[in-house]
Amino acid sequence: MFPLKGAIEEDVLRELDKKTADDLTFDSGKILGSMCTYPHPFAIRVITRYIDRNLGDPGLHVGSQKIEREAVNMLANLLGLEKGYGHIVSGGTEANILAVRAMRNLAEVEKPELILPESAHFSFIKAAEMLGVKLVWAELNGDYTVNVKDVENKITDNTIGIVGIAGTTGLGVVDDIPALSDLALNYGLPLHVDAAFGGFVIPFAKALGYALPDFDFRLKGVKSITIDPHKMGMVPIPAGGIIFREKKFLESISILAPYLAGGKIWQATITGTRPGANALAVWAMIKHLGFEGYKKIVREKMELARWFASELKKISGVYLIREPVLNIVSFGSEKLEELEGELKERGWGISAHRGYIRIVVMPHVKREHLEEFLEDLKEIMGTLTQ
Ligand SMILES: Cc1ncc(COP(=O)(O)O)c(C=O)c1O
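Being a predicted model, the structure only gives us computed values, none of them experimental. (Residues numbered from 1 in each chain as written. Predicted model: local features only at pLDDT ≥ 70, side-chain atom pairs only at ≥ 80, totals over all residues. Heavy atoms only, no water.)

Comments concerning the sheet that holds strand β10 (residues 318–320)
Just so we agree on the cut-off: Strands are labelled as partners when DSSP assigns at least two bridges between them. Secondary structure elements follow DSSP: runs of H or I no shorter than four residues count as helices, runs of E no shorter than two count as strands, and numbering proceeds from the N terminus. Working convention: axes come from line fits to C-alpha atoms, limited for helices to the stretch in contact. Angles between N-to-C directions cover 0 to 180 degrees. Residue contacts are defined here by distance: any two heavy atoms, one from each residue, within 4.5 Å place the two residues in contact.
Read across the sheet, three strands follow the order β10-β11-β12 without closing on themselves; strand pairing throughout is antiparallel. Single-partner strands in this sheet number two, and they are β10 and β12 (357–360). On average, each strand axis in the sheet is inclined to that of its neighbour by 30 degrees, with strand direction left out of account. Across three bridges, β10 lies against strand β11 (residues 328–333) in antiparallel orientation. Counted as the bridge partner of Leu320 is Phe331 from β11. The strands that helix α12 (residues 367–384) touches are β10, β11 and β12; relative to β11, the one it contacts most, it runs at about 10 degrees.

Spelled out as structure tokens, the structure:
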């Protein structure tokens, strides 16, 4: 009910604390199945300081708009491009929708079709429904990468583009983006790479010597990339990223916003009013951590994921779905449903809806949390397999 009279702040906060007491928090170490994390304290400071900036009306906040452009360019640089075009958006979903929108608008075919791996994130289903695009799903190989031959077989005159994934949602698998890029170039189609998760992992993992395929703008067929700072970038939610290789992609999705206080602009994002503070936090975190800082985080989490995978192998009744590629470890069990229920009962933030349990070794996940989880897992499997 809408209250008639206001309450003092302390009372309201007390009520909020009470009502959120059932929430799992990232700093508890119990959330093991999420791609979000506890934001970096410096990012929180930046957000608090610039909370009022609205990039939906950049004429009012020209400094913030310039910083967003710089942040987009720094992300483009990380992804092998000197200058990129795009935005800091609300997340991977909006970034993927914008990419599909650009591919559709530039293709100008009557019955647009998009070819994407069976492992693609459900945001493409939203994009397809909103944009009137038919999704054509390509099969996966035994190692869960997309079957490039099957992608080729599915190309028609109606195809508007191809999607490849650099860090799948379920398993963290990186598709053969070099082969998809060649294919896209051969057929004159744009390739969109969904690196919502992998974008802030793969460049650093490669620098650490992990054998991962190229996935970014260094490949000429790649025309757009989704990269989310609110996942491994450690920026508070919402902070996604969409980067286009050429200006024409952004222009193809820009709508005239005529009445704004700061003057009329061309706007490409789905959201109108949108948080400038988060874009500033992306800029600030990249400046603060630098390539070396992110590399250090990625090293720790990649090593922890491999240790965790090796410990899982020692537990009878569970099996790895595949060796980890990034900092994601997924495992199955004959007793999956019961196991999921028992783990949730013990307060673990995991889910098994894909047919396996996914552990994302995010920055807030420490070795002691995983040790505790393994103990619970051993105990539960002991009783389930008796
Ligand atoms: C590969 C991939 N793309 C897109 C998304 C959607 O991102 P968001 O939840 O930030 O909209 C996710 C989310 O997990 C993802 O894993």
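Next comes the rest of the description.
Quick notes on empty space enclosed by the protein
Filter applied, for reference: Buriedness for pockets is judged along seven lines, at least five of which must meet protein on both sides within 12 Å for an open set on the 1 Å grid over protein atoms alone, while cavities are sets there where a 1.4 Å probe fits but cannot get out, and lining residues have an atom within 4 Å of a point. Grid points are joined across faces, edges and corners, and a volume is the space filled by probe spheres set on the points. Throughout this entry, Asp, Glu, Lys and Arg are counted as charged residues, while Ala, Val, Leu, Ile, Met, Phe, Trp, Tyr, Cys and Pro are counted as nonpolar. The remaining residues, Gly among them, count as polar.
Inspection of the entire model under this criterion finds one cavity of 30 Å³ or more. Taken together, Leu171, Ile321, Arg322, Glu323, Pro324, Val325, Ile328, Val329 and Ser330 make up the full set of residues lining the largest cavity. Grouping the amino acids of the lining of the largest cavity by side-chain chemistry returns six nonpolar, one polar and two charged.

As for the layout of surface pockets
The line we're drawing: Where each domain starts and ends comes from a domain assignment, either automatic or drawn from a database.
One number sums up the size of the largest pocket: a volume of about 720 Å³. Sorting elements by how many residues they give to the lining of the largest pocket places helix α4 (residues 92–107) first, with three residues. Split by residue class, the lining of the largest pocket holds 13 nonpolar, 16 polar and six charged. There are two domains that each give the lining of the largest pocket at least three residues, and those are domain 1 (9–39 + 292–384) and domain 2 (42–288). Approximately 550 Å³ is the volume found for the second largest pocket.

Description of the domain arrangement of the protein chain
So the rule is basically this: A pairing counts as a salt bridge when a side-chain nitrogen of Lys or Arg comes within 4 Å of a carboxyl oxygen of Asp or Glu. Pairing of N or O atoms within 3.5 Å defines a polar contact, subject to two protein rules: one partner must be a possible hydrogen donor and the other a possible acceptor, and residues neighboring in sequence count only if both atoms are side-chain atoms.
Per the domain assignment, the segments making up the protein chain are domain 1 (9–39 + 292–384) and domain 2 (42–288). The distance between the C-alpha centroids of domain 1 and domain 2 comes to 27 Å. With 26 residues of domain 1 at the contact, the number on the domain 2 side is 32 residues. For the interface between domain 1 and domain 2, the tally reads zero salt bridges. Summed over the shared surface of domain 1 and domain 2, the result is four residue pairs in polar contact (both at pLDDT 80 or more). Elements that contribute at least two residues to the side of domain 1 that touches domain 2 include exactly α10 (276–312), β11 and β12. At eight residues, α10 tops the list of elements feeding residues into the side of domain 1 that touches domain 2. Here the side of domain 1 that touches domain 2 is composed, by residue class, of 16 nonpolar, three polar and seven charged.

Thoughts on the sheet that holds strand β2 (residues 113–117)
Read from one edge of the open sheet, seven strands run β1-β7-β6-β5-β4-β2-β3, paired in mixed fashion. In this open sheet, the two edge strands, each paired with only one partner strand, are β1 (85–89) and β3 (134–138). Here the average twist between neighbouring strands, direction ignored, is 20 degrees. Bridging between β1 and strand β7 (residues 240–244) involves five bridges; their strand directions are antiparallel. The residue of β7 that forms the bridge with Gly86 is Ile243. Across the sheet, helix α7 (residues 177–187) lies against β4 (159–165), β5 (191–194) and β6 (222–226), angled at about 170 degrees from β4, the strand it touches most.

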